[in-house]
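# Analysis of the macromolecular model
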Amino acid sequence: MTRFTSPAVAGALACTVGMTVVGASIAFGPLLADYPVLAGQAWRYLVAGLVLLAVMRARRVRLPRLRPRQLGRLVLLAGTGLAAFNWLLIEGTTRSDPAFMAAVLGATPLVLALAGPLLDGGRVRAWTLAGSTFVVAGILVVQGATTAPLGALPYAVGFLLCEAAFTLLAVPLLREFSPLQVSGAVCLVAVPLLAVLAVLEPGADLVVPTASEAATLAFLAVCTTAIAFLLWYGGVVRLGADRAGLFAGVMPIAGLIVGVVAGTSAWTPVGLAGSLLCGAGIALGLRRPTASARRRRAEPAADAVPETV
């Protein structure tokens, strides 16, 4: 991809396609309503990890050899961005409207715009921060106004932090390893964590899926996990965590469009307005400073140079 396009364009395309796949998969959620959620997620990440291992083998890419600190970061990434994320989603939606959890998750672009540069030792980009604000507003418009009991708030905040951790904790690993290596490793590490949570969660754990449930789990494993992880982490490498976060605004738009096509959602002026806000925010957030602004930042102020006599 980068042979024919700039890294920024390639990163934007990767994030757009990845978030479109994730957003479109929302329409398949009802097909797994009767299947144990945590056990299903464990199967999903296992299959995705095996698919990514097969891709590594075909491309002759080795599994990452992790130092203790890197292994700890990978376990933390899998524990928060994958295992805890799914657990908080389940627990949060039992205490509130799922739309409330989705609305809180919509703040992800703003969190990444602020935390990404700060954790990386860089400077917060003003255009990215402004664009993230538009994206968050657009997501809230698409999701609609929603409220929830006060008891659901800790779950929603934890849900948001785990989503941000999925990107922020991966950034140092992506400096050492490829998106393929990080994606495969984090999927495999998440499997035992989710299996333990599935055992602890009340209800059945090992259930033979129906044909539709098996097909849905396979789609989630291959497309929403293996392919989407590769695309997302590839976009993070090219754009940085802050600007990649803007493309979280693609997810609710894709989900809305698929819902309209499938007949499960209705296209409304409010949905259109929210989608346009998200698109405007992404375009604004990707804007680069002008050459004169970059020169002003690079040049020392004239009054900061001591005069010689």
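Placed above this text is the structure.
What comes next is a walk through the structure. Treat the numbers as computed from the prediction; the structure is a model and nothing was measured.

### Description of the overall build of the protein chain
Looking only at helices and strands, the protein chain features 14 helices and zero strands. Listing each helix as α and each strand as β along the protein chain from the N terminus yields α-α-α-α-α-α-α-α-α-α-α-α-α-α. The 309 residues of the protein chain split such that 44% are buried. Contacts in the protein chain between residues at least 24 apart in sequence constitute 87% of all its contacts with a sequence separation of at least 6. Total accessible area on the protein chain stands at roughly 15,800 Å², and carbon and sulfur atoms take up 68% of it.

### Description of the side chain of Thr 216
Within the secondary structure, Thr 216 sits in helix H10 (residues 211-239). Setting aside residues up to four positions removed in sequence, Thr 216 forms contacts with Phe 28, Leu 31 and Leu 32.

### A closer look at the environment of Leu 50
Following the sequence through the fold, Leu 50 ends up in helix H2 (residues 37-58). Along the primary structure Leu 50 and Ala 185 are separated by 135 residues, whereas in three dimensions their C-alpha atoms are 10.0 Å apart.

### What about the environment of Phe 28?
Along the chain, the position of Phe 28 falls in the loop between helix H1 (7-25) and H2. According to the relative accessible area criterion, Phe 28 is partly exposed, its value standing at 32%. Considered as a pair, Phe 28 and Glu 213 are 185 residues apart in the sequence and their alpha carbons are 9.6 Å apart. Setting aside residues no more than four positions away along its own chain, Phe 28 makes contact with Thr 216 and Phe 219.

### With respect to the packing of aromatic side chains
Under the definition given, this model contains six aromatic pairs. Consider the rings of Phe 85 and Phe 159, whose centres lie 4.5 Å apart with planes at 25°: the pair is stacked. Of this pair, Phe 85 sits in helix H3 (residues 68-95) while Phe 159 is found in helix H7 (residues 153-168), placing the two residues 74 residues apart along the sequence. Each residue in the set Tyr 45, Phe 166, Phe 229 and Tyr 233 is aromatic and connected to the rest through ring pairs, giving one cluster.

Definitions and cut-offs
Residues numbered from 1 in each chain as written. Predicted model: local features only at pLDDT ≥ 70, side-chain atom pairs only at ≥ 80, totals over all residues. Heavy atoms only, no water. Helix = DSSP H or I, 4+ residues; strand = E, 2+ residues; numbered from the N terminus. Buried < 20%, exposed > 50% of the residue type's maximum accessible area, 1.4 Å probe, protein only. Contact = heavy atoms within 4.5 Å. Areas by Shrake-Rupley, 256 points an atom, 1.4 Å probe, with all protein chains shown as cover. Phe/Tyr/Trp six-rings, centres within 6.5 Å; stacked < 30°, edge-to-face > 60°.

Shape descriptors only; they carry no functional weight alone.
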